[in-house]
Amino acid sequence: MDRLIRADGLEVARGLPDGSLDFVYLDPPFGAGRTHATLRGRGNRGALAGRRAYADPGTDGAPSPWLTALLGEMPRLLRPGGAIILHLDWRTVHRAKVLLDDLLGAENFLNEIIWHYATGGIPGRWFARKHDTLLYYRNGGEHHFERMTIKKYLAHRMSRRGLPEYRDEGGWYRYRSLDDVWEIPWLTQDAKERTGYPSQKPEALLERILRATTRVGDLVADFCVGSGTTAAVARRLGRAWLAVDREPLAIDVTRARLDAMTMRAPMLAGLGDEPLRAYQFEDRLEPSLAPGKELP
Ligand SMILES: C[S@@+](CC[C@H](N)C(=O)[O-])C[C@H]1O[C@@H](n2cnc3c(N)ncnc32)[C@H](O)[C@@H]1O
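As a starting point, this report considers the structure included with it. Keep in mind the model is a prediction, meaning the values are calculated, not measured.

Some thoughts on the sheet that holds strand β8 (residues 149-153)
Pairing between the strands of a sheet is mediated by backbone hydrogen bonds and can be parallel or antiparallel. Strand order in the open sheet made by the 3 strands is β8-β10-β9, with antiparallel pairing throughout. Of all strands in the sheet, those with a lone pairing partner are β8 and β9 (166-168), marking the two edges. Sheet twist, expressed as the average angle between the axes of neighbouring strands with direction ignored, equals 45°.

As structure tokens, this is what we get:
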């Protein structure tokens, strides 16, 4: 049964059986040294805007003790051939890579994926920091990987080289293999999927990750799911999932997002996505709500 749990992610991880996970995506607080609040935008112009979302204590370059302990569970939790993508930025990624080399073995490092985007301000005294870094490791063994292609638009037709070229409203394009530098736009203020939760990642990013690294039915876990992007995409793609966050707002936003998917399910049917399954919600931080509650 797919599960959304309000709890400390590390406590949930410690309670899971050995080798129980096929894939983990982690997008923890980056160490920005501030408390993040909800953003204005589509679907979030009213009472939600400006609400406290989550604390993000500063860092001296080291991953937080919580993240360090959580990563320490990965060799035990991932099945052999299972994999993790850890999503960080310039603040701690260098130290996290050394840590993962130690935990999972440098020989099991697969990619450093650069997610490049254009958003935010332009500093005057250094180059604008416009990418996040995603570290992709396997837990030894044979990992699953689905090679992907993406459209590359051409300035002009070059058919003389013999590679097939196609045309749509954006112009002429070819397909090329997806490499480790990804251009995916940040969610705009009026993006349909935008919830207003800070640091919400685009579904296009998680869709790429999950399609490339997992199969239908694989169990995907996210121990700091925020607005629920991993759960929503895993659910749409027919992956089994376990999603955890300790913040009530993250859980409210994720539940609203998953329940809206359930309402739209008849309309999604037949569009190539997997049938939506029911999921279970559990609140481990509110004893009065503790017994798992079945949701549609
Ligand atoms: C960067 S956000 C995740 C954003 C998410 N990927 C999305 O697309 O919305 C980091 C999340 O980690 C959660 N978090 C921080 N410490 C946690 C802990 N000890 N246990 C569970 N979740 C935690 C925060 O509440 C926050 O929602």
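Observations regarding the pairing of strand β2 (residues 21-26)
For β2, a buried count of 6 out of 6 residues is recorded, marking the element as mostly surrounded by other parts of the structure. Where β2 lies against strand β5 (residues 78-88), 5 bridges are found, and the strand directions are parallel. Pairing of Phe23 across the sheet is with Ala83, part of β5. When β2 meets strand β12 (residues 219-222), the two strands line up parallel, connected through 2 bridges. Each residue of the ladder has a partner; that of Val24, found in β12, is Ala221.

Here we look at the site of the ligand
If you check the shell around the ligand, you find 21 residues, and the closest are Tyr54, Cys224, Gly226, Ser227 and Thr229. Its residues assigned to classes, the shell around the ligand shows 9 nonpolar, 6 polar and 6 charged.

Quick word on the environment of Tyr136
With respect to the secondary-structure elements, Tyr136 resides in strand β7 (residues 131-138). When the C-alpha atoms of Tyr136 and Asn108 are compared, they prove to be 8.8 Å apart, with 28 residues separating the residues in sequence. Discounting residues that sit within four places of it in the chain, Tyr136 has contacts with Ala83, Ile85, Leu110, Asn111 and Ile113.

Focus: unusual backbone geometry
Even without a glycine there, the phi angle at Ser199 is positive, about 65°. On the secondary structure map, Ser199 appears in the loop between β11 (181-183) and α5 (203-213). Classification of Ser199 by C-beta neighbours within 10 Å gives partly exposed; the count is 19.

Quick notes on the environment of Gly15
Tracing the backbone through its elements, the reader meets Gly15 in the loop between α1 (9-14) and β2. In this structure the C-alpha to C-alpha distance between Gly15 and Leu77, which are 62 residues apart in sequence, comes to 9.9 Å.

Points about the packing of helix α2 (residues 65-72) against helix α4 (residues 93-104)
Interaxial distance between α2 and α4 falls to 10 Å at its minimum, and their mutual angle equals 25°. Comparing their axes, α4 and α2 come out roughly parallel. The handedness of the crossing between α2 and α4 is right-handed. Contacts from Thr68, Leu71 and Gly72 of α2 reach α4 at Leu99, Leu100 and Leu103. Each residue belonging to the contact of α2 with α4 can be placed in one class, and the counts come to 4 nonpolar, 2 polar and no charged.

Conventions used here
Residues numbered from 1 in each chain as written. Predicted model: local features only at pLDDT ≥ 70, side-chain atom pairs only at ≥ 80, totals over all residues. Pairing = 2+ DSSP bridges. Helix = DSSP H or I, 4+ residues; strand = E, 2+ residues; numbered from the N terminus. Axes fitted to C-alpha atoms, helices over the stretch in contact; angles between N-to-C directions. Buried ≥ 20, exposed ≤ 12 C-beta atoms within 10 Å, placed from the backbone. Near = placed C-beta within 6 Å. Nonpolar A, V, L, I, M, F, W, Y, C, P; charged D, E, K, R; others polar. Contact = placed C-beta atoms within 7 Å. Parallel < 35°, antiparallel > 145°, perpendicular 65-115°, else oblique. Left-handed = near helix turned anticlockwise from the far one by under 90°.

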